[in-house]
Amino acid sequence: MTMAEFFLNDLTQTVLVFLTLGGLFGLLLGYASIRFKVEGDPIVEQINALLPQTQCGQCSHPGCRPYAEAIASGEAINKCPPGGEDTIHRLADLLGMEPQPLDGEHGIEKPKTVAFIREAECIGCTKCIQACPVDAILGAAKLMHTVIAQECTGCDLCVEPCPVDCIDMIEVTTNIKTWGWEAPENDDIIATDRMSDKAA
Amino acid sequence: MNTAKHTFHGGIRPLEHKEDSNTTPIEIAPIPPMLVLPLQQHSGPTAKPCVTEGEYVYKGQMIANAADASGASIHASSSGYVVAIEARLVAHPSGMADTCIVIETDGLDAAIETSGHPNWRNLNRVELLDILHRSGIVGLGGAGFPTARKLNTDSIDTLIINGTECEPYITADDLCMRERAADIIRGCEILKYIVGANSVIVGIEDNKPEAIESMGKAMPSSPDWKLVTFPTKYPSGGEKQLIEILTGRQVPRGGLPANIGIVCQNVGTAFAVKEALEDGKPLISRITTFTGQALSRRGNLEVRLGTPVSYLLDYMGYTEQKVPRLIMGGPMMGFALPDATVPIVKTTNCILAPDTNELPLPKPAQPCIRCGFCAEACPASLLPQQLFWHSKSSNFDQLDKHALDDCIECGVCSYVCPSSIPLVQYFRASKHEMRMRRNEQQQADKARERFEARQQRLEREALEREATRAARKAAAKAKAAESSRFADEADPVQAAIERAKAKKARLMQQSQQGAQMNAESALDSLKTKLAAQQSTLQQAEADEKSEKITTALQASIRRLEQQIAESETKPPSKDVEE
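What you see is a predicted model; the values in this text were computed from it and never measured.

### Things to note about the domain arrangement of chain B
Here is step 1: Annotation of chain B at the domain level lists domain 1 (115-281), domain 2 (373-434) and domain 3 (517-577).
Here is step 2: Computed over C-alpha atoms, the centres of domain 1 of chain B and domain 3 of chain B are 140 Å apart.

### A short note on the layout of surface pockets
Residues and elements named next belong to chain B.
Here is step 1: What the second largest pocket holds in volume is close to 1600 Å³.
Here is step 2: Lining the second largest pocket we find 43 residues, and of these R325, P331, P360, L361 and P362 sit closest to its centre.
Here is step 3: Listed by contribution, the elements that provide at least two residues to the lining of the second largest pocket are strand 17 (335-336), helix 11 (412-416) and helix 12 (423-483).
Here is step 4: Here the element with the most residues in the lining of the second largest pocket is helix 12; it accounts for three residues.
Here is step 5: Its residues placed into classes, the lining of the second largest pocket shows 26 nonpolar, eight polar and nine charged.

### Describing the packing of aromatic side chains
Here is step 1: Tallying each qualifying case throughout the model produces six aromatic pairs over all chains.
Here is step 2: Its guanidinium or amino end placed over the ring of W181 of chain A, R428 of chain B lies 4.5 Å from that ring's centre, counting from NZ or CZ.

### Examining the confidence of the model for chain B
Residue and element names in this part refer to chain B.
Here is step 1: Averaged over every residue, the pLDDT of chain B is 89; residues scoring 70 or more account for 96%.
Here is step 2: pLDDT under 50 marks residues 573-578. Its contacts with residues more than four places away, or in other chains, come to five contacts.
Here is step 3: As scored by the predictor, the complex reaches a pTM of 0.78 and an ipTM of 0.78.

### Describing the interface of chain A and chain B
Here is step 1: Taken residue by residue, the interface counts 39 residues in chain A and 37 residues in chain B.
Here is step 2: Buried surface at the junction of chain A and chain B, summed over both partners, amounts to about 3100 Å²; 55% is from carbon and sulfur atoms.
Here is step 3: Looking only at chain A, the three residues that lose the most surface to chain B are I176, W179 and W181 of chain A, adding up to 24% of its buried area.
Here is step 4: Our enumeration of links across chain A and chain B arrives at five salt bridges.
Here is step 5: Residue D135 of chain A pairs with R457 of chain B through a salt bridge whose shortest N-O separation is 2.6 Å.

### Let's talk about unusual backbone geometry
All names here are of chain B.
Here is step 1: In this structure, the amide linkage connecting Y234 to the following residue, P235, adopts the cis form with an omega of 0°.
Here is step 2: Considering the arrangement of structural elements, one finds P235 in the loop between strand 12 (225-230) and helix 5 (239-247).
Here is step 3: Positive phi is not limited to glycine here, since H17 has a value of about 55°.
Here is step 4: By the secondary structure assignment, H17 is in the loop between strand 1 (2-3) and strand 2 (27-28).

### Some thoughts on helix 1 (residues 125-134) of chain B
Residues and elements named next belong to chain B.
Here is step 1: For helix 1, every residue scored as buried is listed here: L128, L129, I131 and L132. Seen along its axis, helix 1 keeps its buried residues to an arc of 155°; they face one direction.
Here is step 2: Those residues of helix 1 that are buried lie in contact with helix 2 (147-151), helix 3 (172-195) and helix 6 (267-278).
Here is step 3: Between the side-chain oxygen at the start of helix 1 and the backbone nitrogen of V126 there is a gap of 3.2 Å, and the oxygen is on N124.
Here is step 4: Downstream of helix 1 by one or two residues, G136 has phi in the positive range, about 70°.

### Overview of empty space enclosed by the protein
Residues and elements named next belong to chain B.
Here is step 1: Counting across every chain of the model gives six cavities of 30 Å³ or more.
Here is step 2: Computed from the structure, the largest cavity encloses a volume of approximately 160 Å³.
Here is step 3: Surrounding the largest cavity, 17 residues form its lining, L140, F271, S285, R286 and I287 being those nearest its centre.
Here is step 4: Breaking the lining of the largest cavity down by element, the ones donating at least two residues are helix 3, helix 6 and strand 14 (285-291).
Here is step 5: Counted by class, the lining of the largest cavity contains nine nonpolar, two polar and six charged residues.

### Notes on helix 3 (residues 42-50) of chain A
Here is step 1: Those residues of helix 3 of chain A not exposed but buried are V44, I47 and N48 of chain A. Down the axis of helix 3 of chain A, the buried set is contained in an arc of 100°. They therefore lie on one face.
Here is step 2: Close packing links the buried residues of helix 3 of chain A with helix 4 (64-72) and helix 5 (84-95) of chain A together with helix 12 of chain B.

### Side note on the sheet that holds strand 10 (residues 158-163) of chain B
Residues and elements named next belong to chain B.
Here is step 1: Here five strands make up an open sheet; going across it, the order is 1-12-11-10-13 and the pairing parallel. Two strands close off the open sheet at either side, each with one partner strand: strand 1 and strand 13 (262-266).
Here is step 2: Summarising the sheet, strand 10 and strand 13 pair through five bridges and their orientation is parallel. Bridged to N162 within strand 13 is N266.
Here is step 3: The strands touched by helix 3 are strand 10, strand 11 (199-205), strand 12 and strand 13; relative to strand 10, the strand with the most contacts, the crossing angle is about 165°.
Here is step 4: Of the strands in this sheet, strand 10 and strand 13 touch helix 6, which is tilted by about 80° from strand 13.

### Notes on the pairing of strand 1 (residues 113-117) of chain A
All names here are of chain A.
Here is step 1: Strand 1 sits mainly inside the fold: four of its five residues count as buried.
Here is step 2: Pairing of strand 1 with strand 4 (residues 167-171), which is carried by five bridges, proceeds in the antiparallel orientation. What sits directly across from I117, in strand 4, is I167.

### Side note on a nonpolar patch on the surface
All names here are of chain A.
Here is step 1: Nonpolar side chains collect at one region of the surface, where M3, F6, F7, L11, V15, L16 and L19 lie side by side and expose about 730 Å² of accessible area between them.
Here is step 2: The set of elements that each furnish at least two residues to the nonpolar patch consists of helix 1 (3-8) and helix 2 (10-35).
Here is step 3: Top element by residues in the nonpolar patch is helix 2. It accounts for four residues.
Here is step 4: For F7, the location among the structural elements is in helix 1.
Here is step 5: You can call F7 partly exposed: its relative accessible area is 43%.

### Brief notes about the sheet that holds strand 4 (residues 48-49) of chain B
Residues and elements named next belong to chain B.
Here is step 1: Read across the open sheet, the three strands follow the order 4-6-7; overall the sheet is antiparallel. A strand with exactly one partner marks an edge of an open sheet, and here the two such strands are strand 4 and strand 7 (74-75).
Here is step 2: As defined by bridge partners, strand 4 adjoins strand 6 (residues 62-65) across two bridges and the pair is classed as antiparallel. The residue of strand 6 that forms the bridge with K48 is N65.

### Things to note about the nonpolar core
All names here are of chain B.
Here is step 1: Formed by 62 residues in total, the largest nonpolar core has its most connected members in I63, I103, L132 and I184.
Here is step 2: Residue contributions to this core peak at 12 residues, all from helix 3.
Here is step 3: I184 has contacts with C176, M177, M215, V267, A270 and F271, leaving out every residue within four places of it along the chain.
Here is step 4: Judged by nonpolar contacts, the second largest core, of 27 residues, contains A365, A377, F396 and F427.

### Focus: the domain arrangement of chain A
Residues and elements named next belong to chain A.
Here is step 1: Structurally, chain A comprises domain 1 (42-106) and domain 2 (111-176).
Here is step 2: Placing the centre of domain 1 and that of domain 2 at their C-alpha centroids yields a distance of 25 Å.
Here is step 3: The interface of domain 1 with domain 2 comprises four residues on the first partner and six residues on the second.
Here is step 4: When domain 1 packs against domain 2, close to 340 Å² is buried across both sides, 62% of that on carbon and sulfur atoms.
Here is step 5: Together, T54, Q55 and C56 form the three largest contributors to the area buried by domain 1 at its contact with domain 2, with a combined 89%.
Here is step 6: Taken together, the connections running from domain 1 to domain 2 amount to zero salt bridges.
Here is step 7: Our count for the contact surface shared by domain 1 and domain 2 stands at one residue pair in polar contact (both at pLDDT 80 or more).

Calculation rules
Residues numbered from 1 in each chain as written. Chains lettered and ligands numbered in written order. Predicted model: local features only at pLDDT ≥ 70, side-chain atom pairs only at ≥ 80, totals over all residues. Heavy atoms only, no water. Domains from an automatic or database assignment. 1 Å grid on protein atoms, 1.4 Å probe; cavity = no way out; pocket = protein on both sides within 12 Å on 5 of 7 lines; lining within 4 Å. Points joined across faces, edges and corners; volume = space filled by probe spheres on them. Helix = DSSP H or I, 4+ residues; strand = E, 2+ residues; numbered from the N terminus. Nonpolar A, V, L, I, M, F, W, Y, C, P; charged D, E, K, R; others polar. Phe/Tyr/Trp six-rings, centres within 6.5 Å; stacked < 30°, edge-to-face > 60°. Lys NZ or Arg CZ within 6 Å of the ring centre and 35° of its normal. pLDDT = per-residue confidence, 0-100. Contact = heavy atoms within 4.5 Å. Buried area = accessible area lost by both parts, 1.4 Å probe. Salt bridge = Lys/Arg side-chain N within 4 Å of Asp/Glu carboxyl O. Buried < 20%, exposed > 50% of the residue type's maximum accessible area, 1.4 Å probe, protein only. Arc of directions from axis to C-beta. Polar contact = N/O pair within 3.5 Å; in protein donor to acceptor, adjacent residues only side chain to side chain. Pairing = 2+ DSSP bridges. Axes fitted to C-alpha atoms, helices over the stretch in contact; angles between N-to-C directions. Patch = residues over 30% accessible without salt bridge, like charges linked within 9 Å, V, L, I, M, F, W, Y side chains within 5 Å. Areas by Shrake-Rupley, 256 points an atom, 1.4 Å probe, with all protein chains shown as cover. Core = buried A, V, L, I, M, F, W, Y, C linked by side-chain atoms within 4.5 Å.

Laid out in structure tokens, this is it:
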């Protein structure tokens, strides 16, 4: 077999074509992996965006972001009581997992609360200010403190350090401005059901 | 007069019932014994009371300040004493109480001194908007959006005056246009001047021939002013629908009419604007339709804001029904009042008191049969059926994709549904839920930012503390070095130890090397000394020094000779040991 015959051979041509293509695509992919390199861990960001950002530490992590990092590295998704079932479902959707019930060890789902300092009793020790993870308490040493209600996440962390027990967690109730229509309930009956209800 | 060339998608033609209430002229309602003025009668921040309990207030006196530019102020609608500022049941679908200023009227109806601005053209836009803002003018069509804020926009080309009043039963705007067309047009001129519009279009449905006639007469004959009529169809009066009818243009999703150079105002609002500017009269009354078979007299009343509905119902001859149902607004978009004691507010265009046959309770909902009537009828071109499924399963992503935000809650879908599904209720609930979720998300984002900012601050503080400590340490060391005797030594203690070691080593070396050498050199030096002493002695004898000196020298020579003899006989001890 001469050199010319070798290159005109179908098999050789095929192999050469695919080798060339393989090489080209390899270069392309190599370039893309450098050019479009993703910095950081986007899944942590996505998980963090779903967490309620209460920063309460009930999941036994010091804040929502550390828990997001822990979830990304395989921790259970059911340790967030403030987020509750809703957050668990959204996390399960994001991570393609089965939703689990909330882990009771870390707390139970409670209605949203806001901290309130009984100002007459406050001695100005600044302990709650240091405990607040979102800097929602205003005050200075030996001066009265108060909670900025709009910024309070209701995490509870200020209650424990208070030496005079003057912090209450007040449940957020619906007022005329936050009220909204509710979906009609139990509409899955048919008209004849209603008639029999009346007859009975 | 023109007829509109465009129309909007869908819509319905329900029974109008307009003739129930539009045959009698507008009547001025009497002053009630008690006025209840809620602080929230508009969309935007709640007004702040500026009177105290027990204070006497005059008609037209401001009793609550607008919280900011996006709010609206409240004025006393008659004279009397403020007896309470407390939570009272208000006209709201929630049936909740809200803070109200309660005035016990004295019947004198004494008005506060005010002066209008008949020459309002001499004022600039900011001043005019300020007057409207202080007069508490809000959109009287339904939503109660503060007018000054709505007009505070640039690049407006067309002013649309909404005289549609498409909802069944309501005739307040109809009567207002019939009787007060000249004032409405004056108001329109003010509005046109404020927004700087080039043209004004007044849109009226063709079921109000009297209103069309009187408005046509009052309107200036200029090419800039157009009166456009269009066929009666619900909900032509919706802002976006009316814009499409009159101009053929659609407001972009999530946008405002101002985005396409249009601003819409209701005819009632135009009238209120005229009164506020030319007559100096704040918004303290409005025209409200009283209709329904449960009333013996039906018609339109000019009522003072804050008048309890029950008082007016009595005035119109209300017969209590077996299942009493009072609706504020029309049958399509209105809501059932929690109680008849609630007051009339700025947005109350109608009180509907139907009897049981007139407006039967809704039939129970049956399953969706996918007939698609709702999609055909939807004036916002949405797919109510899809929205219904997604609402039921709380699939908010899909609801967003299907543009639930564009739903105007007109109730057309529920009206046409052959299965009587209360579709609009589902949409209202879902819209509320989505709004809540958005708020929660915003709050969570804010909390995250604050948390991260705090973490950064703590880290920075820790670093700063560390840096100060290091700096302090360095400073202390420098000071110690300066004051030390051993300035060139790194550590004085160590240096002392080193010095001691070096000395010891040197001594060791000396003793090792020099033990023998010492002995020899000592002998040598002794011999030299001996020689020196002997020569000194000879010198002394020769010089005939005193006997004492020679004796001493002889003694030291003897001692030296003795030492030399000892050294020569005794070997060095160190050498022996080693």
